[in-house]
Amino acid sequence: MSLPATYLALVCREYGQPLALETRPTPAAVPGSAVIKVLSALVDPSEKSRLLMNKRNIHFSQQPPFVPGNCAVGRVAAVANDATTLRVGQLVLLECFVRGRDDPNAQALRAVFEGPSPSAKRLTHQEDLWRDGHWAEYTRAPLETCWPLDEKALLGRVEEGGLGYKMSDIPYLAKHAIAYGAFRTIDLKAGETIVIGPATGNHGGAAVQVASAMGARTIAVSRNVDALRKLRESIPRVETVALTGNPGEDVKLLSQFGPIDAFLDFTPAGIQTPPYLKAFALSLKPYGRGVLAGFPHGDVSLPYGLMVGKNITIRGSLMYQPEDVRGLIKLAERGLLKLGKSSGSEVFGGYTLDQHDEAITKAHEHQVWGTQVSFELEE
Ligand SMILES: NC(=O)c1ccc[n+]([C@@H]2O[C@H](COP(=O)([O-])OP(=O)(O)OC[C@H]3O[C@@H](n4cnc5c(N)ncnc54)[C@H](OP(=O)(O)O)[C@@H]3O)[C@@H](O)[C@H]2O)c1
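In this text the structure is predicted, and so the values were computed from the model without any measurement.

*Asks:* Explanation requested: the site of the ligand in the structure shown.
*Replies:* Residues in close proximity to the ligand total 26 residues, the closest being Thr200, Gly204, Arg223, Ala293 and Met319. One of the backbone nitrogen or oxygen atoms of Arg223 is found 2.7 Å away from an oxygen atom of the ligand. The residue inventory of the shell around the ligand, partitioned by class, reads 14 nonpolar, eleven polar and one charged.

So this is what it looks like as structure tokens:
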């Protein structure tokens, strides 16, 4: 595969301003990297608010200019000579979580989050490193964020034993990986009962899919009865309940499901206080586990003595460990985690880069789980 001299990329030059479609020189595959021909890149529902309306999550900090886009699928177009197994032509999932090779605790999210420390910021502050995302014809990525996919299994025709997915069904796997990483931190096991909430957003809904694929019995909660019904009807082993935000009432509502082994709290960034966290913590059985993966901007209080008396573990989870991505991909390749239409989602995958306004608006109009929007680029 020969690289062109230039490629097109969508660039955010200033928050609140339209994106620019710019021609850039194609990067070389310097040591430790691969250059990927992007084939489909997800458009997050939150990108209109963040990029065009300048309503930014206080936790997420990437300074412009940068190429947006944090989940994609593509084909390796060039690979550094220190790559050991990745080869040109291979289909790969691209994610955005980069870590310092000399300090894995220096962490940043390409196109989203510069990281909390000066060492993390080194990964994204230099334009030729890892600040840019995947809304582009080509992208250079660290080798360890290019995840080989079994193309025959995922995209092969159903009559030939494949799963029959479309290219645009694949990028959402990078969202599933966040939930899988969170579940692994609390050692979620098949057959256990886990409460997930709020469960009807882009990440919350992905988490319900993953918990079910891992064999857990999943209680999905939020306020939106219609969105909960869609989750229940689309995904196996899912039960739902609309919660009130009043811990006493919500504990009673959750008690109908018997002992709760674990919870995942995915509180959105726009709200101050996690609406369900206290009820989740109070509903856990002795030795229960909980994981916090949302980004509210306030605190929460929990009944100290009860947490001690019941030996409760609660921990945070940012993104995932590398082996989690590999494990998650296997769940999809084996058909346990469904993608695209077969997962109950509608995928609008036909947008070209110059249709960015339409794509971003479409995604913005569908904030609730069950709609995916993505750019699709020619091979
Ligand atoms: N830990 C990580 O590595 C990581 C990675 C990516 C994202 N995140 C974070 O994950 C969180 C969840 O993301 P998301 O995309 O699923 O959700 P989202 O789009 O940010 O929020 C939508 C969800 O929040 C609920 N919600 C909204 N306002 C509410 C309110 N006032 N009271 C109660 N519920 C409310 C909605 O439920 P209803 O159905 O009731 O409306 C819906 O389930 C975000 O904070 C995001 O930043 C974390």
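*Asks:* Looking at this structure, I do not really get the domain arrangement of the protein chain. What am I missing?
*Replies:* For an interface, size is often stated in terms of accessible area lost upon the parts coming together. Segmentation of the protein chain into domains returns domain 1 (6-170 + 339-376) and domain 2 (176-316). The C-alpha centroid of domain 2 is placed 28 Å from the C-alpha centroid of domain 1. In total, domain 1 and domain 2 occlude about 1100 Å² of area from one another, counting both sides; carbon and sulfur atoms represent 61% of this. Looking at the side of domain 1 facing domain 2, the largest losses of area belong to His59, Val368 and Trp369, adding up to 49% of the total buried there. Along the lines of polarity and charge, the residues of the side of domain 1 that touches domain 2 split into six nonpolar, six polar and one charged.

*Asks:* Can you help me understand the packing of helix 4 (residues 173-185) against helix 10 (residues 322-333) in this one?
*Replies:* It is at 9 Å that the axes of helix 4 and helix 10 come closest, and there the two elements cross at 115°. Classified by chirality, the crossing of helix 10 by helix 4 is right-handed. Along the contact surface, helix 4 presents Leu173, His176, Ala177, Tyr180, Gly181 and Arg184, while helix 10 presents Glu323, Asp324, Val325, Gly327, Leu328, Leu331 and Ala332. The residue inventory of the contact of helix 4 with helix 10, partitioned by class, reads seven nonpolar, three polar and three charged.

*Asks:* Honestly, the pattern of salt bridges in this entry has me stumped. Any pointers?
*Replies:* Side-chain pairing between opposite charges can occur once the charged atoms of the two side chains come close. Going through the model one piece at a time under the given rule, you end up with 16 salt bridges. Between Glu192 and Arg289 there is a salt bridge, with its nearest N and O atoms 2.7 Å apart. With Glu192 in the loop between helix 4 and strand 10 (193-197) and Arg289 in strand 14 (residues 284-292), this pair connects stretches of sequence that are 97 residues apart. By the burial criterion, Glu192 is buried, and Arg289 matches it. Shared partners join several salt bridges into a network, and the residues in it are Arg75, Glu151 and Glu379.

Cut-offs applied
Residues numbered from 1 in each chain as written. Predicted model: local features only at pLDDT ≥ 70, side-chain atom pairs only at ≥ 80, totals over all residues. Heavy atoms only, no water. Near = heavy atom within 4 Å. Polar contact = N/O pair within 3.5 Å; in protein donor to acceptor, adjacent residues only side chain to side chain. Nonpolar A, V, L, I, M, F, W, Y, C, P; charged D, E, K, R; others polar. Domains from an automatic or database assignment. Buried area = accessible area lost by both parts, 1.4 Å probe. Axes fitted to C-alpha atoms, helices over the stretch in contact; angles between N-to-C directions. Helix = DSSP H or I, 4+ residues; strand = E, 2+ residues; numbered from the N terminus. Left-handed = near helix turned anticlockwise from the far one by under 90°. Contact = heavy atoms within 4.5 Å. Salt bridge = Lys/Arg side-chain N within 4 Å of Asp/Glu carboxyl O. Buried < 20%, exposed > 50% of the residue type's maximum accessible area, 1.4 Å probe, protein only.

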